[in-house]
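# Architecture at a glance
The primary structure of each chain is shown beneath.
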Amino acid sequence: MKTLFAFILALICSTTLFAQPSEFAKSVDMSPLSDNVAVFTDGRVKSFETFARSYMPYIMGSKSFEGQAVSFTYFDMMILPERYYGQDIIYVKHKGLRAAIIGEVDITDPQTKERMDRFMKTGLVSREVLQSQTVSKLLNSLRKDVRRFATPIEGISGAMGASDPRSLWGSLKLIPPPSGSFNQPWSTLEGAEDQNIIESWRRLTEAWQDGNADEVNVELKQLAVLIPALAKGSDIYPSPSKLWLESIYFRMGNFTSIWLVYLVSVVLLLMAFVYRFKRVGNIGLFIFTIAVLLNTLAVVWRWYVSGRYPNTNMFEAITTAAWMGGVFGVFMECFVRKTAMKYIFALGSGIAAMVALLAVRLYPLELNPQVSNKMPVLHDIWLYIHVNFIIFAYCLIFVAAVCAIIYLIRRIVQKTKHQNGKQDYARAGGVASLVEVRPDKKGGTTPALKSNMGSVLDGATMILVELSFILLWAGIVMGAIWADHSWGRPWGWDPKEVFALNTFLIFVVLIHARIKVQDKGLWTAWLALLGCAVMLFNWIIINFTISGLHSYA
């Protein structure tokens, strides 16, 4: 059953092709240990698979060594460290630093030059290059440039230390405390008192060094039974099903490949919206719904394996916002299914979710997917209120920007055809555009929303702007209440607070400017884009480059 389930997930979640691993690496089956044995690290208990995936990026970034599984590479570095002598295993993220290091290496030899060219592209270099006299002297000199190079050089030092077999061994805390108490520390295999575990580990290391994959597999299965048995009868050890589900979740790339399903739905929905292909639109909505269901599965799955609602770090905030946008799109499509706005909310939500999931997939180091404990300040009910209001508002702001971009593209096309699109706007803004409220000159009523594409896009943009305006206002107010409760003041001009307020003020300007300006649709679209740009600046630049009280989020 597990095999079938894993196969189905593999069809959903794409994999990346790497160089082929060795025959020994391909023959060793790490899954018994990866899926059944827990490791205590960073204040929480996680499966060995999850632990290896959180540890190895400190050494190699998001790269893989010769296509090996990260769990195999962890054991291999620990048991056979000599195999990695001279190998490119240390990841240097800073491209300027890579170029500086290459400048200190003699590249007259063609093989060395080829290797340095590869280093410039991949960021992977050997420890021996970094430990050479000229490069060491360079790094010590550049370390003084605190603003540009101090952090990446500290990262190199950390990677060098993490790749040391002693660090690998010392971090592998597999043995639960005999007392079964949550307050007692876990230990490495050195602390094992069970003679069967000690003998099994000895046989495993000997077989590993001899390259005997069959014997290694036997001992891995043995350890996968013996180690969890040490915590039998206590609550400190996760259940086998939870460990397995946690391993599968990370092995399948955190379900970020769902962006491909959203992409297919976006293509079909865009065709349906522009050309009014009903059958294509129905297929697009069906695929969009499937994507939202898969996204829901991913959020619930992470909720289960982490033991908390997933919204306490950047990865979780972005993926949860993508899910919120998807659910909102499904709800709105049900609400507007008989209006001219059909397809536009699913289209905008699909693009937002696709971009969000693609971002966390492409930037696993910056948007770390590993499950971590909540910071002390986050242990508050306001976490679930303030944060969810803000990230939902941010998602709707992005969806509004999608509608605004499509509107501006249409206006550009109209201009090339010498058409005037000034009258293409919703006569009643926002939610009011869904009802007939405007009296005409003859005493009757006219639809607040015309059926032409420009009016539809403008009406959808205003609906999204109004909703995000309300959510953002509520989120800022509740954030001030939480800040007063946690930090002793409701407002402290923290960078993230300031730019959240700036985003809100832009939408204040939008709503009031729409009353006065003549070209309402154009001004609405441009201000919606400006608000989205400030929101993205707040969520990306502020988070990663400017430190503040919100740096953890």
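Cut-offs used in this document
Residues numbered from 1 in each chain as written. Predicted model: local features only at pLDDT ≥ 70, side-chain atom pairs only at ≥ 80, totals over all residues. Heavy atoms only, no water. Helix = DSSP H or I, 4+ residues; strand = E, 2+ residues; numbered from the N terminus. Buried < 20%, exposed > 50% of the residue type's maximum accessible area, 1.4 Å probe, protein only. Contact = heavy atoms within 4.5 Å. Areas by Shrake-Rupley, 256 points an atom, 1.4 Å probe, with all protein chains shown as cover. Pairing = 2+ DSSP bridges. Axes fitted to C-alpha atoms, helices over the stretch in contact; angles between N-to-C directions. Left-handed = near helix turned anticlockwise from the far one by under 90°. Nonpolar A, V, L, I, M, F, W, Y, C, P; charged D, E, K, R; others polar. Patch = residues over 30% accessible without salt bridge, like charges linked within 9 Å, V, L, I, M, F, W, Y side chains within 5 Å. Salt bridge = Lys/Arg side-chain N within 4 Å of Asp/Glu carboxyl O. Phe/Tyr/Trp six-rings, centres within 6.5 Å; stacked < 30°, edge-to-face > 60°. Lys NZ or Arg CZ within 6 Å of the ring centre and 35° of its normal. Lys, Arg positive; Asp, Glu negative; His and termini not counted. Polar contact = N/O pair within 3.5 Å; in protein donor to acceptor, adjacent residues only side chain to side chain.

Next up on the list: the overall build of the protein. Regarding its fold elements, the protein presents 23 helices and six strands. Across the 553 residues in the protein, those meeting the buried criterion constitute 50%. Taking the contacts inside the protein whose residues are at least 6 apart along the sequence as the reference set, 73% of them involve residues at least 24 apart. Just so you have it, the protein exposes about 26500 Å², and 62% of that area is on carbon and sulfur atoms.

Residue alternation in strand β2 (residues 44-47) divides its side chains into two sets, Arg44 and Lys46 and Val45 and Ser47, and both sets are buried. Note that strand β1 (residues 38-41) and β2 share four bridges and pair antiparallel. Within β2, the position partnered with Thr41 by the bridge is Arg44. Counting the residues between successive antiparallel strands, the hairpin from β1 to β2 contains two residues, one of them, Asp42, with a positive phi of roughly 55°.

What follows covers the packing of helix α17 (residues 278-306) against helix α18 (residues 314-335). Between α17 and α18, the least distance of the axes is 9 Å, while the angle of their chain directions is 140°. For α17 against α18, the interelement crossing comes out left-handed. Between α17, through Leu285, Phe288, Val292, Asn295, Thr296, Val299 and Arg302, and α18, the contact on the second element is made entirely by Phe315, Glu316, Thr319, Ala322, Trp323, Gly326, Val327, Gly329, Val330 and Glu333. Its residues placed into classes, the contact of α17 with α18 shows nine nonpolar, five polar and three charged.

What follows covers unusual backbone geometry. Look at Asp42: it is not a glycine, yet its phi comes out positive at around 55°. Positioned with a positive phi, Asn254 is a non-glycine residue whose angle comes to about 60°. In this structure, Asn254 sits in the loop between α15 (240-251) and α16 (259-275).

With that out of the way, let us pick up the side chain of Ser71. Looking at the secondary structure, you find Ser71 in helix α6 (residues 70-79). Taking the relative accessible area as the measure of exposure, Ser71 reaches 2% and is therefore buried. In contact with Ser71, other than residues within four places in its own chain, are Met30, Ser34, Phe48, Glu49 and Ala52.

As a further point, take a nonpolar patch on the surface. Nonpolar side chains collect at one region of the surface, where Leu260, Leu263, Val267, Leu270, Met271, Val274, Tyr275 and Phe277 lie side by side and expose about 650 Å² of accessible area between them. Assignment of secondary structure puts Val267 in helix α16. Relative accessible area serves as the criterion here: at 44%, Val267 is assigned to the partly exposed category.

Time to look at the pattern of salt bridges. Enumeration according to the criterion identifies 23 salt bridges in this entry. Salt-bridge contacts for Arg53 lead to Glu49; the nearest nitrogen and oxygen are separated by 2.6 Å. With Arg53 and Glu49 both in helix α4 (residues 48-55), this residue pair falls four residues apart, about one helical turn. Here Arg53 falls in the partly exposed class, since its relative accessible area comes to 25%. Between Arg148 and Asp145 there is a salt bridge, and its shortest N-O distance comes to 2.9 Å. Sharing partners across several salt bridges, the network here consists of Asp35, Glu49, Arg53 and Arg251.

With that settled, consider the packing of aromatic side chains. Counted by the stated rule, this structure contains 27 aromatic pairs. Ring plane angle 85° and centroid distance 5.5 Å describe the contact between Phe24 and Trp208, whose orientation is recorded as edge-to-face. Here Trp208 lies in helix α13 (residues 195-210) and Phe24 lies in helix α2 (residues 23-27), a separation of 184 residues in the sequence. With respect to burial, Phe24 and Trp208 carry one shared label: buried. For the ring pair Phe328 and Phe392, a centre distance of 6.0 Å and an interplane angle of 70° mean the geometry is edge-to-face. Within this pair, whereas Phe328 is found in helix α18, its partner Phe392 is found in helix α20 (residues 382-416), the two being separated by 64 residues in sequence. Accessibility expressed as a relative area gives 9% for Phe328, which makes it buried. Residue classification places Phe392 among the partly exposed positions, given a relative accessible area of 22%. Each residue in the set Phe24, Phe48, Phe51, Tyr55, Phe72, Tyr74, Phe75, Trp169, Trp201 and Trp208 is aromatic and connected to the rest through ring pairs, giving one cluster. Sitting above the plane of the Tyr304 ring, Lys242 keeps its charged end 5.6 Å from the centroid.

This paragraph deals with the side chain of Arg127. Its place among the elements puts Arg127 in helix α9 (residues 127-131). No salt bridge is formed by the buried Arg127, whose closest oppositely charged neighbour, Glu128, lies at an N-O distance of 4.9 Å.

Structurally, the position occupied by Ser132 is in the loop between α9 and α10 (133-142). Residue class for Ser132 comes out partly exposed when judged on its relative accessible area of 24%. With 27 residues separating them along the chain, Ser132 and Val105 place their C-alpha atoms 9.1 Å apart. Only 2.8 Å separates the side chain of Ser132 from the backbone oxygen of Val129, close enough to count as a polar contact.

On to the environment of Lys63. Tracing the chain through its elements places Lys63 in the loop between α5 (57-60) and α6. C-alpha separation for the pair Lys63 and Ile90, spaced 27 residues apart in sequence, amounts to 9.8 Å. Discounting chain neighbours no more than four positions away, the residues touching Lys63 are Tyr91, Thr122 and Leu124.

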